[in-house]
Amino acid sequence: MFIIRFLLKYFDSYLYSSKGFQFKLLFNLRAIMTGSDARLDILKNTNGYQVSSTSKLESRTIEFHSEPVGANTYSRGIVRRGEGIGGLYFLNQIPFNDGDTIIDCGANTGDLLLWFQNKKLDIEYIAFEPAAEEYHFLKKNISPHQAINSALWNSEGEKDFFASPDNGDSSIFEPIEFNDVYKVKTERLEKYISKEIKLLKVEGEGAEPEIIEGLGNKLESVQYISADLSDERGLALEFTVVQVTNLLLSNNFEIIDFSPDRFIFLFRNKKDFS
């Protein structure tokens, strides 16, 4: 077992740095070696890839661009990716029902929706993604659900956005490495909320406090918040645990669970939603 893991780690170093046909070849070879049902194709007339399944029971496809991110997240298959991200954000601890509304802030290419599809839950999914490249694929992956190309913040306006797709670190706050800088529209989340929200998932690459502040009084309409509060705020690599925890605990939320490895926290509104 140790030898297999060592060989896969060595193999992955080539996979994550490859591109185009070589990436397709290595991705599919790894899937076959590990018994995964995932298969990769290169999208025509674009700079992206599509993951599908060899299983006749799986008709979903996922499109993406970043080779390192795609190799890391989809090489085990679409179902496994859905279960993996659901585990990260503690979705199994939330009593979801058909008709629930889920808001995904920092949706990337929409992987969170896979978990709900795995469970055959008919939910309303609203996804926000400011990065232009990721948003392009997000729209396709989650259709007919709503995808919104804006950065959630505590004020309406415009800000510089640092794009780092290969590292998954794109942010309003400057990361250590980035590929491009461009302007993005900022919006307050409260303008999109007109009813109860079962889950707000927040992955703001350091902007989690401002995203939640942008809820204003609509914060009381949110039942659960699952937030990544790890060290992603700017060049200083600051955590956002203290700011977000203080904000939510002072607004009738409680901590249900957290991951000491990823610093992902699950909060529950103590208000009676029955």
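Residues numbered from 1 in each chain as written. Predicted model: local features only at pLDDT ≥ 70, side-chain atom pairs only at ≥ 80, totals over all residues. Heavy atoms only, no water.

## Here we look at the overall build of the protein chain
Tallying secondary structure elements over the protein chain gives eight helices and 13 strands in all. A compact globule built from 274 residues would reach a C-alpha radius of gyration of about 19 Å, and the protein chain, at 19 Å, matches this within 12%. By its C-alpha atoms, the protein chain is 50 × 40 × 40 Å across when sized along the principal axes. Split into buried and exposed, the 274 residues of the protein chain put 50% on the buried side. Accessible surface, the protein chain as shown: approximately 13500 Å² in total, 51% of it carbon and sulfur. Looking at charge distribution, the protein chain has the averaged site of its 30 positive side-chain charges lying 6 Å from that of its 41 negative ones. (Helix = DSSP H or I, 4+ residues; strand = E, 2+ residues; numbered from the N terminus. Rg over C-alpha atoms; globule rule 2.2 N^0.38 Å. Buried < 20%, exposed > 50% of the residue type's maximum accessible area, 1.4 Å probe, protein only. Areas by Shrake-Rupley, 256 points an atom, 1.4 Å probe, with all protein chains shown as cover. Lys, Arg positive; Asp, Glu negative; His and termini not counted. Charge placed at Lys NZ, Arg CZ, Asp CG, Glu CD.)

## Observations regarding the sheet that holds strand β13 (residues 264–269)
Taken in spatial order, the seven strands line up as β6-β5-β4-β10-β11-β13-β12 in an open sheet, and their pairing is mixed. Looking at the sheet topology across the chains shown, the edges are occupied by β6 (146–148) and β12 (253–258). Taken over all neighbouring pairs, the strand axes of this sheet differ in orientation by 15 degrees on average, direction set aside. Most of the contacts of helix α6 (residues 132–142) go to β6, to which it runs at about 170 degrees, and overall it touches β5 (124–128) and β6. Each of β11 (222–228), β12 and β13 touches helix α8 (residues 241–249); the most contacted strand, β12, lies at about 135 degrees to it. (Pairing = 2+ DSSP bridges. Axes fitted to C-alpha atoms, helices over the stretch in contact; angles between N-to-C directions. Contact = heavy atoms within 4.5 Å.)

## Notes on the environment of Ser171
Considering the arrangement of structural elements, one finds Ser171 in the loop between β8 (157–163) and β9 (180–187). With relative accessibility at 2%, the residue Ser171 sits in the buried group. In this structure Ser171 touches Phe161, Phe162, Gly204 and Glu205, once residues within four positions along its chain are discounted. There is a polar contact of 2.9 Å between the side chain of Ser171 and the backbone nitrogen of Phe173. (Polar contact = N/O pair within 3.5 Å; in protein donor to acceptor, adjacent residues only side chain to side chain.)

## Considerations on the pattern of salt bridges
Considering all chains together, one arrives at 17 salt bridges under this definition. Asp104 is the salt-bridge partner of Lys201, the closest N and O atoms lying 2.9 Å from each other. Here Asp104 lies in strand β4 (residues 101–105) and Lys201 lies in strand β10 (residues 197–202), a separation of 97 residues in the sequence. A relative accessible area of 0% places Asp104 in the buried class. Across the salt bridge formed by Lys191 and Glu156, the nearest N and O atoms sit 3.9 Å from each other. (Salt bridge = Lys/Arg side-chain N within 4 Å of Asp/Glu carboxyl O.)

## Thoughts on the pairing of β12
Relative to β13, β12 runs antiparallel, the two being bridged by five bridges. By the bridge assignment, Ile255 is partnered in β13 with Phe267. Linking β12 to β13, which pair antiparallel, is a turn of five residues; within it Phe263 sits at a positive phi near 55 degrees.

## A short note on the packing of aromatic side chains
In the structure shown here, the tally under the stated rule is 15 aromatic pairs. Chaining the aromatic ring pairs together yields one cluster made of Phe23, Phe27, Tyr49, Phe64 and Tyr74. Geometry around Phe273 places Lys271 over its ring, the cationic atom sitting 5.1 Å from the centre. (Phe/Tyr/Trp six-rings, centres within 6.5 Å; stacked < 30°, edge-to-face > 60°. Lys NZ or Arg CZ within 6 Å of the ring centre and 35° of its normal.)

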